[in-house]
Amino acid sequence: MSAVTDTVRVAPATNPVSQSIRDSMVVAKRNLIRMSRIPEMIIYGLIQPIMFVVLFTYVFGGSMQIGNSTSAADYKNFLMAGIFAQTVTFATASSGAGIADDMHKGLIDRFRSLPMARGAVLTGRTLADSVQTALTLVVLAVVALLVGWRVGSDGSTNAAKVLAAFGLLLLLGYAFTWIGALIGMSVKTPEAATSSGLIWLFPVTFISNAFVDTSHMTPWLRHIAEWNPFSATVQACRVLFANPGQSPSDAWPMQHPVWASLIYSILILVIFRTLAVRKYRSATA
């Protein structure tokens, strides 16, 4: 009598990295569909940066000194990198509010009950917010061109540098959305997430080189502004756009703004993604 051997097919183990990517894309798609069904989210997200462009350009344009110039045209070109950077960082507040809303409604707990990667819920959310931020930047760039913003006309820039500048802006915005994710996981209501998200964003964006030349600040405030991660990205964009920049500075981030922007953004991303995912695990346990 011959022995009969039963062959049992064992399903190959799922690669954790591929599962995390797949789950993140599913959650991102869910959030993008939700955004498309609530167009007010996108419209209101566009109104604020457009108002900043118009107000700063026409109200302060002729009274700001950039280097030795008080030209309104020079200030427009100086201003836009700051407005772009402010727009991508202010998306942090809406990210935090959205995650806090999902927590408040119990949606995060439902996701947790599914066989999916733990970090995928937050990653998917931040990716979807980054897509919305990219669309906002496109519209804002068109508005900036309409009011007179131009990239360098002296031949010192090109399409690759301009795209690199927008890439740095999106990287900074994506890194900051993880700060929003951590805030959203740490508060109890969407209203609290919005308020706590904006409280720290205002000093970060205004104590910087975004709207004024830091050479006009008191020494201790100028030192803070020049080492501000936000300022590094603003200065990097001005270099890549070949727009007027602030006065020469001895601060390393101002002398090497592109590298400083990359380093700052990656550090913020790694640190706050780790903290946010850890908070997600403990908050929904």
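From a predicted model like this one, the values you see are computed outputs, not experimental measurements.

(A) Spatial organisation of the environment of Val162. Along the chain, the position of Val162 falls in helix 6 (residues 159-186). According to the relative accessible area criterion, Val162 is buried, its value standing at 17%. With 76 residues separating them along the chain, Val162 and Arg238 place their C-alpha atoms 9.7 Å apart.

(B) Seen up close, the packing of helix 6 against helix 7 (residues 190-206). Between helix 6 and helix 7, the shortest axis-to-axis distance is 9 Å and the interhelical angle comes to 140 degrees. In terms of axis orientation, helix 6 runs oblique to helix 7. Between helix 6 and helix 7 lies a crossing whose hand is right-handed. Contacts from Phe176, Ile179, Ile183 and Gly184 of helix 6 reach helix 7 at Ala193, Ser196, Gly197, Trp200, Leu201 and Val204. Tallied by class, the residues present in the contact of helix 6 with helix 7 amount to seven nonpolar, three polar and no charged.

(C) Fine view of the packing of helix 6 against helix 9 (residues 229-241). In the contact formed by helix 6 and helix 9, the axes pass within 8 Å of each other and the chain directions differ by 165 degrees. The orientation of helix 6 relative to helix 9 falls into the category roughly antiparallel. Our pair here, helix 6 against helix 9, has a crossing hand that is left-handed. Seen from helix 6, the contacting residues are Lys161, Val162, Ala164, Ala165, Phe166, Leu168, Leu169 and Leu172; seen from helix 9, they are Phe230, Thr233, Ala236, Cys237, Leu240 and Phe241.

(D) Examining the packing of aromatic side chains more closely. This model, assessed by the stated rule, comprises eleven aromatic pairs. Relative to Trp149, the ring of Phe84 lies with its centre 5.3 Å away and its plane at 80 degrees, an arrangement referred to as edge-to-face. Linking Phe84 in helix 3 (residues 72-105) with Trp149 in the loop between helix 5 (120-147) and helix 6, this pair joins segments that are 65 residues apart in sequence. The same class applies to Phe84 as to Trp149, namely buried. Judged by centre distance (5.2 Å) and plane angle (80 degrees), the rings of Trp149 and Phe241 are edge-to-face. Note that Trp149 is positioned in the loop between helix 5 and helix 6 and Phe241 in helix 9, a separation of 92 residues in sequence. The exposure class of Phe241 is buried, given its relative accessible area of 0%.

(E) Local environment of the UniProt feature "transmembrane region" (unreviewed entry) in the chain. UniProt records the feature "transmembrane region" (unreviewed entry) for residues 42-66, 78-100, 134-151, 163-185, 192-212 and 258-276 in the present numbering. Helix makes up 71% of residues 192-212 and strand 0%, with an end-to-end C-alpha separation of 31 Å.

The rules behind each value
- Residues numbered from 1 in each chain as written.
- Predicted model: local features only at pLDDT ≥ 70, side-chain atom pairs only at ≥ 80, totals over all residues.
- Heavy atoms only, no water.
- Helix = DSSP H or I, 4+ residues; strand = E, 2+ residues; numbered from the N terminus.
- Buried < 20%, exposed > 50% of the residue type's maximum accessible area, 1.4 Å probe, protein only.
- Axes fitted to C-alpha atoms, helices over the stretch in contact; angles between N-to-C directions.
- Parallel < 35°, antiparallel > 145°, perpendicular 65-115°, else oblique.
- Left-handed = near helix turned anticlockwise from the far one by under 90°.
- Contact = heavy atoms within 4.5 Å.
- Nonpolar A, V, L, I, M, F, W, Y, C, P; charged D, E, K, R; others polar.
- Phe/Tyr/Trp six-rings, centres within 6.5 Å; stacked < 30°, edge-to-face > 60°.
- UniProt positions renumbered as here; feature names shortened; annotations may be inferred.

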